[in-house]
Amino acid sequence: MAVGTHERHYQQQAAANVPRVKKGMDGPLLFMVLLLMATGLLALYTASYVYSYYNNGGRSMFYLNRQAIFAGVGIFAMLVISRINYHIYGFFHKYFFIGVLILMYLTPFIGQVRKGARRWIGVGDLLTFQPSELMKVAVIISFAYVAAHMPIEELRTFRRGVMPFLEVLAVIAGAMVLQKHLSGMVIIFAIGLIVLFVAGIKVWYFVPVGVGGFVAAVVYILMNSYAQQRVASWLDPFLDLRDTGWQAAMSHIAIGSGGVWGLGLGQGRQKHLYIPEPANDFVFSAWCEEMGLIGAVLVLVMFAYLIYRGFYIARCSRDKFGCLLATGLSAKLAIQALLNLFVVTGIFPVTGAALPFFSYGGTALLIQLAEMGILLNISRFTVDTE
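Anyway, here's the lowdown on the structure attached to this text. (Residues numbered from 1 in each chain as written. Predicted model: local features only at pLDDT ≥ 70, side-chain atom pairs only at ≥ 80, totals over all residues. Heavy atoms only, no water.)

What follows concerns the nonpolar core. If you look at the biggest cluster of nonpolar residues, it comprises 100 residues, and the most contacted ones within it are Met-135, Ile-172, Phe-284, Phe-303, Leu-325, Phe-357 and Phe-358. No other element matches the 14 residues that helix α14 (residues 320-344) contributes to this core. Each residue touching Phe-284, except ones within four places of it in the same chain, is listed here: Ala-296, Val-299, Asn-340, Leu-341, Val-344 and Leu-355. Counting residues in hydrophobic clusters, the runner-up holds six residues, among them Leu-44, Tyr-51, Phe-62 and Ala-279. (Core = buried A, V, L, I, M, F, W, Y, C linked by side-chain atoms within 4.5 Å. Buried < 20%, exposed > 50% of the residue type's maximum accessible area, 1.4 Å probe, protein only. Helix = DSSP H or I, 4+ residues; strand = E, 2+ residues; numbered from the N terminus. Contact = heavy atoms within 4.5 Å.)

If you walk through the whole model with that rule in mind, you get 15 aromatic pairs. Members of the aromatic cluster, joined through ring pairs, are Tyr-51, Phe-62, Tyr-63 and Tyr-360. (Phe/Tyr/Trp six-rings, centres within 6.5 Å; stacked < 30°, edge-to-face > 60°.)

Its location among the elements puts Gln-130 in the loop between β3 (127-129) and α6 (131-148). Within polar-contact distance, the side chain of Gln-130 engages the side chain of His-181 at 3.2 Å. Once you skip the residues sitting within four places of it in the chain, Gln-130 turns out to touch Arg-119, Trp-120 and His-181. (Polar contact = N/O pair within 3.5 Å; in protein donor to acceptor, adjacent residues only side chain to side chain.)

In this section: the environment of Leu-366. Relative to the helices and strands, Leu-366 is located in helix α15 (residues 362-379). Placed 289 residues apart in sequence, Leu-366 and Ala-77 show a C-alpha to C-alpha distance of 8.0 Å. The contacts of Leu-366, once residues within four sequence positions are left out, are Phe-70, Val-73 and Gly-74.

Below, the discussion takes up the pattern of salt bridges. Here the structure, examined in full by the defined rule, presents five salt bridges. Across the pair Glu-154 and Arg-160 runs a salt bridge, and its minimum N-O distance is 3.6 Å. Since its relative accessible area comes to 25%, Glu-154 is described here as partly exposed. A salt bridge links Glu-290 to Lys-271; the shortest N-O distance between them is 2.5 Å. Of the two residues, Glu-290 sits in helix α13 (residues 283-315) while Lys-271 sits in the loop between α12 (246-258) and α13, which places them 19 residues apart along the sequence. We classify Glu-290 as buried; its relative accessible area is 2%. (Salt bridge = Lys/Arg side-chain N within 4 Å of Asp/Glu carboxyl O.)

Turning next to helix α8 (residues 158-178). Across its 21 residues, α8 extends 28 Å between first and last C-alpha, which sits within 8% of the 30 Å expected from 1.5 Å per residue. Turning to α8, its buried residues number three or more, namely Gly-161, Val-162, Phe-165, Leu-166, Val-168, Leu-169, Ile-172, Ala-173, Ala-175 and Met-176. If you follow the buried residues of α8, they end up packed against α5 (93-110), α6, α7 (152-155), α9 (182-199) and α10 (206-223). Backbone geometry just after α8 places Lys-180 at a positive phi near 55°. (Expected span 1.5 Å × (residues − 1).)

The terminal C-alpha atoms of α5 lie 25 Å apart, and with 18 residues this matches the ideal 26 Å at 1.5 Å per residue to within 8%. The complete set of buried residues in α5 reads His-93, Phe-97, Val-100, Leu-101, Met-104, Thr-107 and Pro-108.

Turning to the packing of α6 against α9, a few remarks are in order. Contact geometry for α6 and α9: axes closest at 10 Å, N-to-C directions at 15°. The angle between α6 and α9 places the two elements in the roughly parallel class. Crossing of α6 against α9: the hand is right-handed. Together, Ser-132, Met-135, Lys-136, Val-139, Ile-140, Phe-143, Ala-144 and Ala-147 of α6 and Ile-187, Ile-188, Ile-191, Gly-192, Val-195, Leu-196 and Ala-199 of α9 make up the contact between the two elements. (Axes fitted to C-alpha atoms, helices over the stretch in contact; angles between N-to-C directions. Parallel < 35°, antiparallel > 145°, perpendicular 65-115°, else oblique. Left-handed = near helix turned anticlockwise from the far one by under 90°.)

Their axes nearest at 9 Å, the elements α9 and α14 cross at an angle of 145°. For the element pair α9 and α14, the recorded crossing hand is right-handed. Facing Ser-183, Ile-187, Ala-190, Ile-191, Ile-194, Val-195, Val-198 and Ala-199 of α9, the residues of α14 in contact are Lys-320, Cys-323, Leu-324, Thr-327, Gly-328, Ala-331, Lys-332, Ile-335, Gln-336 and Leu-339. In terms of residue class, the contact of α9 with α14 is built from twelve nonpolar, four polar and two charged. (Nonpolar A, V, L, I, M, F, W, Y, C, P; charged D, E, K, R; others polar.)

Right, here's the structure in full:
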């Protein structure tokens, strides 16, 4: 993403303004990440061991073992990244963004096909990832860096301040349409707009953007039979229970069966090959069945506090780039968690949105922990207000 003719000036200015006084990382944030990680591994194991036994030759701990390895590597990477000054990311944001964008457009042609869509790049099942996950990070870094170094008067104009960002989002949307990845597109757009809002763009600019996004979503659904099936199943999952409504229906049954106190850890029934993705998108459904409303609320409280700490770090950041970067990372965590929870509870149609720290996926977990490492580094340069 181009910064313009002032790129060198921005880099020199950023280097000159790097805070020199560092303190310890944010302890509550680190503790909550580790607590969510431990809870997520427990939830993954109890939700997936039957599914894993059936699909992996009797290895009931297959998913847990692989996720635990990535968790260990990811925690180590998070601690290392927490020592890297976050201003460094602004210096090469253009190259990172362009590289990921190229991968995004190559994915529909060279990627792996899963569930009727090409969204994954990698070798086999072990080392695969979705370039869209990297694009979320690229958008956060690029939008935060450019908006932080753009004069506020220019940022608050539509033609020079808002339009260039919308054009970038439109280019990304083209790749997402080719991948049939509507949920990823929604997340990226939401993250980008939140960063711009905090940066200072005029609120009323969101009205035409929101209307345009809604119209584009409707057109996409009307032109895509795959999306139409998802919407129909969302409105009534029991209408086509044996086919398109199966996932949502089984999720509803699992959550409803848990009641207030749950059936007990390991005692869930829907994970016995009823919930189609107990290790991925619907791990929270299995958790609710076993731990009930109480267990569900505890997880929600942990996510809420982690997100709060992220926005607190953003508010206390010493410079605008750190503030916007922390805002984008915290918003990404909040949006992805809410989207998954909305899907499993039937508020949104079924999409491919995973629950951070809970859903199975090694490379996705590595990216999430790396993002927390960046957030922890920003916390080293904050001004205490508590």
